Amino acid sequence: MTLPFAWGLVAGLVYLSVEPAAARDAADAVRVAEVTRPATDFSVPEAFERNAGGAATSLATPNANAFSHPSANLSFERQLDFHVGNGIFRKLWVSAPASTKSSDGLGPLHNARSCQSCHIKDGRGRPPREGERAVSMLLALSVPPRSDDEGQRLAEGRARVMAEPVYGAQLQNYSVQGVSAEGRIGIAHEERSVSLSGGATLQLLHPRYSVLDPGYGPLDPEVMLSPRVAPQMIGMGLIEAIPEADILALADPDDEDGDGISGRASRVWDAEEGRFALGRFGWKAGAATVAEQTARAFSGDIGLSSHRAPGLAPRSRSPGRAAGRRGTLRSISRRSRRCTWERTEGVSVRSSPPRRRTRRSIPSCARRSG
Ligand code: HEC
């Protein structure tokens, strides 16, 4: 293939919702290795540094909306898909029934009313400040496996985690009227002293998480809490377009190259396809595709079901909670199926903004570390 690097990525983007990115041919692999080779000279910007997303890099004014632009090289039709998806990303959902027929179905348990509430202006979220309720950070919940079968499902990657028996795999700290929320995220800070090699001592704040005011009885005594801040939304389609073989080639689970990093590829069970797939999205690469991550977000974060994520099975000891969930699923499932797909378009084709001030920032970092 003689197409320049950026076009390779874009070709991947165009096909990404139809088939997984194809493996590279030898010539393409050489070209990609050339473009992604680590820098050796920090006195000048790297050749491809300014446009981190290749031809997809947005050249719009780098202001507070820098993460919200579509890829620069989208066709007119694809731009339309992007804008429809973007509208759904920003939409504030309300509980059903409501007069706004196209925006109801929120909850009954949820973490936020819109995607945008967590991925603020498509950027990352943050832990709550003291006295604030968490919005753009959530707590994932799990318990250790309790039977050989559970242990085996985890080991084989057929289950991502063992969910807390009552509260599920995520604490939903908001709810619609008449339903109790699952609880609040508590954060207490413990001071820890760290001595630096120069003799100075630092006091660091080590956060400890807990669930306050649990709405459905005590949590499992062995529950494990995993705080997750919402990541930024740029370049998702580019990550999806990387051929699986390229990622697997970089895995080094036993740190055989001795660089202190033992990267593992995440294998996740793709229920829709009925096969294992490479995990790419989320802090622990727990979702194989943007569509999968989006369906989970609709279901787990906002309470909207789809054919990919039909919502959590009601496992509560509390009849109120179970009834609330079922009702919502029935009423919105057809509409949300459409939303998930439109939204996928919006997220996948979001561009990466160009890197700014390449010339000045790199030499100054190099000077500091040298
Ligand atoms: C309550 C906050 C919250 C809401 C609402 C939310 N997200 Fe997220 N999002 C997160 C968190 C936290 C993660 C990281 C998840 C993980 O590591 O398991 C994430 C991850 C993602 C990712 C993967 C990002 C990456 O770098 O791998 C995508 C894509 C995404 N969300 C899309 C959406 C969409 C689309 C919606 C609306 C349907 C949405 N999110 C709603 C908090 C949220």
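The structure displayed is predicted, hence computed values, not measured ones.

Caption draft 1: Inspection of the overall build of the protein chain at higher detail. The helix and strand inventory of the protein chain stands at 10 helices and 8 strands. Counting only residues that meet the buried cut, the protein chain has 33% of its 370 residues in that class. Contacts in the protein chain between residues far apart in sequence, at least 24 positions, make up 63% of those at least 6 positions apart.

Caption draft 2: View of the site of the ligand. Every one of the 27 residues lining the ligand counts as a neighbour, but Asn111, Cys115, Cys118, Trp283 and Ala297 are closest to it. Elements supplying a minimum of two residues to the shell around the ligand: α4 (115-118), α8 (290-302) and α9 (319-348). Counting residues per element, the shell around the ligand draws most heavily on α8, which supplies 7 residues. Looking at the shell around the ligand, its residues break down into 15 nonpolar, 8 polar and 4 charged.

Caption draft 3: Region of the structure containing unusual backbone geometry. Residue alanine 96 is joined to proline 97 through a cis peptide bond whose omega torsion reads -5 degrees. Of note, proline 97 is situated in the loop between α3 (76-90) and β1 (109-110). The peptide bond linking glycine 107 to proline 108 adopts the cis configuration, its omega dihedral lying at 10 degrees. For proline 108, the position within the fold is in the loop between α3 and β1.

Caption draft 4: Inspection of the nonpolar core at higher detail. Core analysis: the biggest nonpolar cluster contains 24 residues, and Phe298 and Ile302 have the highest contact counts within it. The leading source of residues in this core is α8, at 6 residues. Counting residues in each nonpolar core, the second largest holds 15 residues, with Ala134, Leu139, Ala163 and Leu171 among its members.

Caption draft 5: Highlighting the confidence of the model for the protein chain. Mean pLDDT over the protein chain works out to 81, with 78% of the residues at or above the 70 mark. Scored below 50 in pLDDT, residues 1-20 shows 34 contacts in the model against residues more than four places distant or in partner chains. Counting contacts from residues 357-370, a segment whose pLDDT is below 50, to residues more than four positions away or on other chains yields 9 contacts.

Caption draft 6: Main features of the pairing of strand β2 (residues 137-142). Counting buried positions along β2 yields 6 of 6 residues, so the element is predominantly enclosed. Of the two faces of β2, both are covered, the one formed by Met137, Leu139 and Leu141 as well as the one formed by Leu138, Ala140 and Ser142. Across 6 bridges, β2 lies against strand β6 (residues 224-229) in antiparallel orientation. Bridging across to β6, leucine 141 finds its partner in leucine 225.

Caption draft 7: Representation of helix α5 (residues 148-156). Summarising burial for α5: 0 of the 9 residues are buried, a small minority. Looking one or two residues beyond α5, the residue adopting positive phi is glycine 157, at roughly 85 degrees.

Caption draft 8: Region of the structure containing the pairing of strand β4 (residues 184-195). The buried fraction of β4 is low, at 1 of 12 residues. The pairing of β4 with strand β5 (residues 201-212) spans 12 bridges and is classified as antiparallel. Paired with glutamate 191 across the two strands is leucine 205, which belongs to β5. The hairpin formed by β4 and β5 contains 5 residues between the paired strands, and glycine 199 there has a positive phi angle of roughly 105 degrees.

Caption draft 9: The arrangement of the environment of alanine 230 in detail. In this structure, alanine 230 sits in the loop between β6 and α6 (236-240). Using a count of 22 C-beta atoms within 10 Å as the deciding quantity, one classes alanine 230 as buried. Taking the C-alpha atoms as reference, alanine 230 lies 9.4 Å from proline 127; in sequence the two are 103 residues apart. If we ignore the near neighbours within four places in the chain, the residues touching alanine 230 are Cys118, His119, Arg124, Gly125 and Ser136.

Caption draft 10: Region of interest: the environment of phenylalanine 82. The topology assignment puts phenylalanine 82 in helix α3. For phenylalanine 82, a count of 22 C-beta atoms within 10 Å translates into the label buried. For the pair phenylalanine 82 and histidine 69, spaced 13 residues apart in sequence, the C-alpha separation works out to 9.1 Å.

Calculation criteria
- Residues numbered from 1 in each chain as written.
- Predicted model: local features only at pLDDT ≥ 70, side-chain atom pairs only at ≥ 80, totals over all residues.
- Helix = DSSP H or I, 4+ residues; strand = E, 2+ residues; numbered from the N terminus.
- Buried ≥ 20, exposed ≤ 12 C-beta atoms within 10 Å, placed from the backbone.
- Contact = placed C-beta atoms within 7 Å.
- Near = placed C-beta within 6 Å.
- Nonpolar A, V, L, I, M, F, W, Y, C, P; charged D, E, K, R; others polar.
- Core = buried A, V, L, I, M, F, W, Y, C linked by C-beta atoms within 7 Å.
- pLDDT = per-residue confidence, 0-100.
- Pairing = 2+ DSSP bridges.

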